[in-house]
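What follows is each chain in one-letter form.
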Amino acid sequence: MAPPSSRRSGHSRRAQYGQFTGYVLAAIGAALGAVLLGISLWRPTSFNGVRTAAADTVAPAGEAGAVVRTEGQSLFDKISGYLQAGAQNAELRKEVELARIRLKEAEAVREENARLKALLGFRESEVKPVAVARLVASTATSTRRFAYLGAGRDQGVGVGMPVRSPRGVVGRVLEVGDDSARVLLLGDSESVIPVRRAKDEVVAFAEGRGDGRLRIRLINLGINPLRRGDVFVTSGAGGYYRPGIAVAIVQEVTPDGAVAAVISDPAATDFVSVEPIWQPRAVDAAKTPVSQEVGGPAGE
Amino acid sequence: MIGELSSRARRDRYGSKINRTHSPIRAYVVPWASIMLGSVLPLFVIASAVPLIPPLGFLMLLSWRLVRPGLLPVWAGFPLGLFDDMFSGQPFGSAIMLWSLTMIALEIIETRFPWRGFFQDWAVSGFLAICYLIAAAVFSGGRVGPTMLLVLAPQALLTLALIPVLSRFVAGLDRFRLARVRGID
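The shown structure was predicted, so the numbers you read here are calculated from the model rather than taken from an experiment.

About the cut-offs
Along each chain, numbering runs from 1 in the same order as the chain's sequence is written. Ligands are numbered from 1 and chains lettered from A, in the order in which they are written. Totals for whole chains, interfaces and linings use all residues, but because this is a predicted model, local features are given only for residues with pLDDT of at least 70 and pairs of side-chain atoms are given and counted only at 80 or more. A helix here means a DSSP run of H or I that spans at least four residues, while a strand means a run of E at least two residues long, and both kinds are numbered starting from the N terminus. Each residue is classified by how many other C-beta atoms fall within 10 Å of its C-beta atom, where C-beta atoms are placed from the backbone; a count of 20 or more means buried, 12 or fewer means exposed, and values in between mean partly exposed. Whether two residues are in contact depends on their C-beta atoms, placed from the backbone: they are in contact if these lie within 7 Å. The span expected for a helix works out to 1.5 Å for each residue beyond the first. UniProt positions are given in the numbering used here, feature names are shortened, and annotations may be inferred rather than shown by experiment. Paired strands are those between which DSSP finds at least two bridges. Axis definition: a line fitted to C-alpha atoms, over the contacting stretch in the case of helices. Angles run 0 to 180 degrees between N-to-C directions. Note on terminology: angles under 35 degrees are roughly parallel, angles over 145 are roughly antiparallel, angles of 65 to 115 are roughly perpendicular, and the others are oblique. Each crossing gets its hand from how the near helix is turned against the far one by less than a right angle, where anticlockwise is left-handed and clockwise is right-handed. Classification convention: Asp, Glu, Lys, Arg as charged; Ala, Val, Leu, Ile, Met, Phe, Trp, Tyr, Cys, Pro as nonpolar; all other residues, Gly among them, as polar. The quantity called pLDDT is the predictor's confidence in a given residue, expressed from 0 to 100. Domain delimitation follows an automatic or database domain assignment.

Helix and strand counts for chain B come out as six helices and four strands. With the principal axes as the frame, chain B shows a C-alpha extent of 80 × 35 × 30 Å. Looking at chain B residue by residue over its 185 residues, the buried ones come to 43%. Of all intrachain contacts in chain B linking residues separated by at least 6 positions in sequence, the fraction that spans at least 24 positions is 71%.

We now examine helix 2 (residues 56-67) of chain B. Residue and element names in this part refer to chain B. Compared with the 16 Å implied by 1.5 Å per residue over 12 residues, the 16 Å span of helix 2 between its first and last C-alpha is a close match. The buried count for helix 2 comes to 11 of 12 residues, which makes it a mostly enclosed element. Among the structural elements, helix 1 (24-40), helix 3 (77-88), helix 4 (94-112), helix 5 (118-138) and helix 6 (146-177) are those in contact with the buried residues of helix 2.

Under the present numbering, the feature "domain: Rod shape-determining protein MreC beta-barrel core" (unreviewed entry) in UniProt falls on residues 137-267 of chain A. A helix fraction of 0% and a strand fraction of 45% characterise residues 137-267 of chain A, whose end C-alpha atoms lie 10 Å from each other.

Below, the discussion takes up the UniProt feature "transmembrane region" (unreviewed entry) in chain B. Residues and elements named next belong to chain B. Sites flagged by UniProt as "transmembrane region" (unreviewed entry) map to residues 27-53, 92-110, 122-142 and 148-171. Along residues 92-110, the helical share is 89% and the strand share 0%, with 29 Å between the first and last C-alpha atoms. Taken end to end, residues 122-142 is 81% helix and 0% strand, and its two terminal C-alpha atoms sit 30 Å from one another.

So, about the pairing of strand 11 (residues 257-262) of chain A. Residues and elements named next belong to chain A. Sheet topology note: the strand 8 (residues 213-218)/strand 11 ladder contains five bridges and is antiparallel. Its bridge partner lying in strand 11, R217 is registered against G257. By the bridge criterion, six bridges tie strand 10 (residues 246-254) to strand 11 in an arrangement that is antiparallel. Of the residues in strand 11, the one forming a bridge with I249 is A261. Count of turn residues in the strand 10/strand 11 antiparallel hairpin: two residues.

A separate point is the packing of helix 1 of chain B against helix 3 of chain B. All names here are of chain B. Where helix 1 meets helix 3, the axes come as close as 9 Å, and the angle between the chain directions of the two elements is 20 degrees. Our classification of the angle between helix 1 and helix 3 gives roughly parallel. The interaxial crossing formed by helix 1 with helix 3 has right-handed handedness. Here I35, M36, S39 and V40 of helix 1 come into contact with helix 3, specifically with L80, F83, D84 and F87. Split by residue class, the contact of helix 1 with helix 3 holds six nonpolar, one polar and one charged.

Attention shifts here to the UniProt feature "transmembrane region" (unreviewed entry) in chain A. Per the UniProt record, "transmembrane region" (unreviewed entry) is annotated on residues 20-42 of chain A. Taken end to end, residues 20-42 of chain A is 100% helix and 0% strand, and its first and last C-alpha atoms sit 33 Å apart.

Unusually for a residue other than glycine, N19 of chain B sits at a positive phi of about 60 degrees. Assignment of secondary structure puts N19 of chain B in the loop between strand 2 (15-16) and strand 3 (20-22).

To continue, consider the interface of chain B and chain A. At the junction of the two partners, chain B supplies 53 residues and chain A supplies 54 residues. Elements that contribute at least two residues to the side of chain B that touches chain A include exactly helix 3, helix 4, helix 5 and helix 6 of chain B. Ranked by the residues each element gives to the side of chain B that touches chain A, the list is headed by helix 4 of chain B, at seven residues. Across the side of chain B that touches chain A, the residue classes break down as 36 nonpolar, 15 polar and two charged.

Residue and element names in this part refer to chain A. The buried fraction of strand 5 (residues 181-185) is high, at five of five residues. The two faces of strand 5 match: A181, V183 and L185 on one face and R182 and L184 on the other face are all buried. In this structure, strand 2 (residues 146-149) lies alongside strand 5, joined through four bridges in antiparallel fashion. Following the sheet pairing, A147 is matched in strand 5 by V183. Relative to strand 5, strand 4 (residues 169-176) runs antiparallel, the two being bridged by five bridges. Each bridged residue has a counterpart across the sheet, and for E175 the counterpart in strand 5 is R182. Counting the residues between successive antiparallel strands, the hairpin from strand 4 to strand 5 contains four residues.

Let us now look at the sheet that holds strand 12 (residues 271-274) of chain A. Taken in spatial order, the six strands of this closed barrel run 1-2-5-4-3-12 (chain A), and their pairing is antiparallel. Looking at each pair of strands side by side, their axes are set apart by 45 degrees on average, direction ignored.

Before going further, it helps to spend a moment on the confidence of the model for chain A. Taken over all residues, the pLDDT of chain A has a mean of 82, while the share at 70 or more is 90%. Predicted confidence is poor over residues 296-300 of chain A, with pLDDT under 50, and the contacts of this stretch with residues over four places away or in other chains come to two contacts.

In space, the six strands of this closed barrel follow the order 6-7-8-11-10-9 (chain A), with antiparallel pairing throughout. Across the sheet, the mean angle separating the axes of adjacent strands is 40 degrees when strand polarity is ignored.

A separate point is the environment of S40 of chain A. Looking at the secondary structure, you find S40 of chain A in helix 1 (residues 13-42). Classification of S40 of chain A as buried rests on a count of 22 C-beta atoms within 10 Å. Once you skip the residues sitting within four places of it in the chain, S40 of chain A turns out to touch S46 and F47 of chain A together with P91, F92 and G93 of chain B.

It is worth spelling out the domain arrangement of chain A at this point. Residues and elements named next belong to chain A. What the domain assignment lists for chain A is domain 1 (62-120) and domain 2 (131-279). Here domain 1 and domain 2 have C-alpha centroids that lie 21 Å from each other. Taken together, the contact pairs five residues of domain 1 with eight residues of domain 2. Across the side of domain 1 that touches domain 2, the residue classes tally to one nonpolar, three polar and one charged.

What follows is about the environment of V203 of chain A. Relative to the assigned elements, V203 of chain A resides in strand 7 (residues 203-208). V203 of chain A sits 27 residues away from V176 of chain A along the chain, and the two C-alpha atoms are 31 Å apart.

Encoded structure:
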């Protein structure tokens, strides 16, 4: 194909200047972009206002998309259910019998638990979610893992609040618009969450790897006690997440910890709930520099 | 004796030429609107594990620029990138910079290789798209490492496969853009 003739400005001064101005403007645009990028890498919250306003405008469309998505998923589930019905039936029957026994055991434990708590004077406090909403969108092209929530400031959502699905932790609210909020998902490479092994007190950090899995980094180094299939729950350290919510399940053990899969896949959840920050005072305290807290001068 | 005129004599690919002309609104709005729509669409897919959806807005920009050189001004990367930044989840400014640089790079490539063809266009836009994916990952503000590059591979493959499809689609949009729909009174 021949080159377009419009590139040749010929002897027309006007066309020549027009083309030159175009190049200058493009170069200025690129330079301005570099400056903006530098600012937002340095201070990631600089342009939140623009972004949240934009997210607010597309949130209703995302809401409709979320409905279609969950309905589509349940349709696929139904079809595959029909195909596997026989084998699954026998398997499930066996499982139910075991589960009944475990249930009785759990009841006993629960009663004992209640009795011990009454003895200590503990009161069981039920956490009421701030808002229940759908995940309406996600950044599907970027390497960062953010999702957008269909509830925002008007529904009482605030920065830092944990987001969970019935299965486990989904992420944490990063910025809030009027009717939408941006959520940092567990798999993002900047996400770190304090966890402990469900069955004992092995504490660790679960960091996002950026490929959908988490890296479990043990706090106490030594002999690695982790096994495949270990479940990690939130430990409550840091004050954001209430302890005991499921986070991840170990897939492979590495020399210094493990690689784990996220239990609550955001793509498979319908509704998520936003919970209040578990211990707001602990979070505030973590933000305050020690020197200020103590009240003394910053240094000698 | 004068034979009957061919039934297509007064038509071209944009429709009948009698009493009909192009709509200026359509001619100017369609490219910009379709690129902006490409920036917004990937949002509605919930991708929790890895980025999988090709950067549709960027690919639309490349396709329009290659299918219709001269239609988008050189500085179009700035406003369109600004719009993309509001939705992409990248730090603000990354698309502004990368899209502007892409437009300048395309100008340079075009002066160097003025004759074009299908495979050359595919190679050029594939090369630029993969550079864009890697640069966007580096500037994403996340941890840069081998995992990040590994994660990009499926997205890059999908992007390469989508480029010819998108350029056909843009050619279709271009026919829609220039369809003679306005009646001349």
